[in-house]
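# Descriptive analysis of the structure
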Amino acid sequence: MQRHERLEQDVKVALSRIITYEVKDPAVDGLISVTDVKITPDQKYAKVFISIYGKKNKEKVINALKKASGFIKLELGKSVRMRNMPLLQFEVDDSIEYGNYMDKVINKVIENDNKNKN
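Residues numbered from 1 in each chain as written. Predicted model: local features only at pLDDT ≥ 70, side-chain atom pairs only at ≥ 80, totals over all residues. Heavy atoms only, no water.

## Focus: unusual backbone geometry
Quick note on the threshold: Strands here are runs of E lasting at least two residues and helices are runs of H or I lasting at least four, both read from the DSSP assignment and numbered beginning at the N terminus.
Notably, Q43 is not glycine yet its phi reads approximately 60°, a positive angle. Tracing the backbone through its elements, the reader meets Q43 in the loop between β1 (31–39) and β2 (45–53).

Structural data, given as structure tokens:
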């Protein structure tokens, strides 16, 4: 694993801990996970992909994280040593929910196929 990939993984783990245990905003509750972090080579920007399970208003959670980004960045600086502390950009990652949806569709097709065979 290259240094840059290790750094992204370290930031991902640290952000997961910070968002789960240290951000006190009521909008940031429930099952929220950091699914991926992509840091630019110059370390000025970090795109943080967030999976929000079961929440209807995902933009509210993203906006709360954006408001808390100063605090999150400060705590991240305490956890991970970096040359530059990147500007955090939060984005919703719907891949888990999409995977669940596709799983249901596939199961339904298999069920229909089994009914048609009998």
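## Comments concerning helix α1 (residues 3–21)
As a reminder, the rule being used: Given a helix with a known number of residues, its expected span is that number minus one, times 1.5 Å. Note on definitions: a residue-residue contact is assigned when non-hydrogen atoms from the two residues lie within 4.5 Å.
Taking 1.5 Å as the rise per residue, α1 with 19 residues should run 27 Å; its terminal C-alpha atoms sit 27 Å apart, in good agreement. Tucked into the core, α1 has its buried residues touching β1, β2, α2 (58–67), α3 (69–79) and β3 (87–92).

## Re the packing of α1 against α3
Keep this limit in mind: Axis geometry follows a simple rule: fit a line to the C-alpha atoms, using only the stretch in contact for helices, then measure angles between N-to-C directions, giving values from 0 to 180 degrees. Note on angle classes: values under 35 degrees are labelled roughly parallel, values over 145 roughly antiparallel, values of 65 to 115 roughly perpendicular, and the remainder oblique. Should the near helix be turned anticlockwise from the far one by less than a right angle, the crossing is left-handed, and should it be turned clockwise, the crossing is right-handed. Residues are grouped as follows: nonpolar covers Ala, Val, Leu, Ile, Met, Phe, Trp, Tyr, Cys and Pro; charged covers Asp, Glu, Lys and Arg; every other residue, Gly included, is treated as polar.
Contact geometry of α1 with α3 gives a least axis separation of 10 Å together with a crossing angle of 130°. By the angle between their directions, the pair α1 and α3 is classed as oblique. Classified by chirality, the crossing of α3 by α1 is right-handed. Residues V11, A14, L15, R17, I18 and I19 of α1 touch α3, and the partners they reach there are I72, E75, L76 and S79. When its residues are assigned to classes, the contact of α1 with α3 shows seven nonpolar, one polar and two charged.

## With respect to the side chain of E8
Let me state the cut-off plainly: Partly exposed describes any residue whose relative accessible area lies between the buried limit of under 20% and the exposed limit of over 50%, with all areas from a 1.4 Å probe on protein chains only and scaled to the type maximum. Only four residue types enter the charge count, namely Lys and Arg as positive and Asp and Glu as negative; His and the chain termini do not. By salt bridge we mean one thing: a side-chain nitrogen of Lys or Arg within 4 Å of a carboxyl oxygen of Asp or Glu.
Mapping E8 onto the fold places it in helix α1. We note that E8 is buried and unpaired, the nearest opposite charge coming from K38 at a distance of 4.2 Å. Setting aside chain neighbours within four positions, we find E8 in contact with V37, K38 and I39.

## As for the pattern of salt bridges
The tally for this structure, following the rule as stated, stands at five salt bridges. With a shortest N-O distance of 3.4 Å, K47 and E91 are connected by a salt bridge. Of this pair, K47 sits in strand β2 while E91 is found in strand β3, placing the two residues 44 residues apart along the sequence. Residue K47 is classed as partly exposed on the basis of its relative accessible area of 32%. Classification of E91 as partly exposed rests on a relative accessible area of 33%. We note a salt bridge from D94 to K58, for which the minimum N-O separation is 3.3 Å. Separated by 36 residues along the polypeptide, D94 in the loop between β3 and α4 (95–117) and K58 in helix α2 bring together distant segments of the chain.

## Some thoughts on the sheet that holds β2
Which entries qualify depends on this criterion: The pairing criterion is simple: DSSP has to find at least two bridges between the two strands.
Taken in spatial order, the three strands of this open sheet run β1-β2-β3, and their pairing is mixed. Each edge of the open sheet is held by one strand with a lone partner, namely β1 and β3. On average, adjacent strands in this sheet sit at an angle of 25° to one another, irrespective of strand direction. Here β1 pairs with β2 via eight bridges, running antiparallel. What sits directly across from I32, in β2, is I52.

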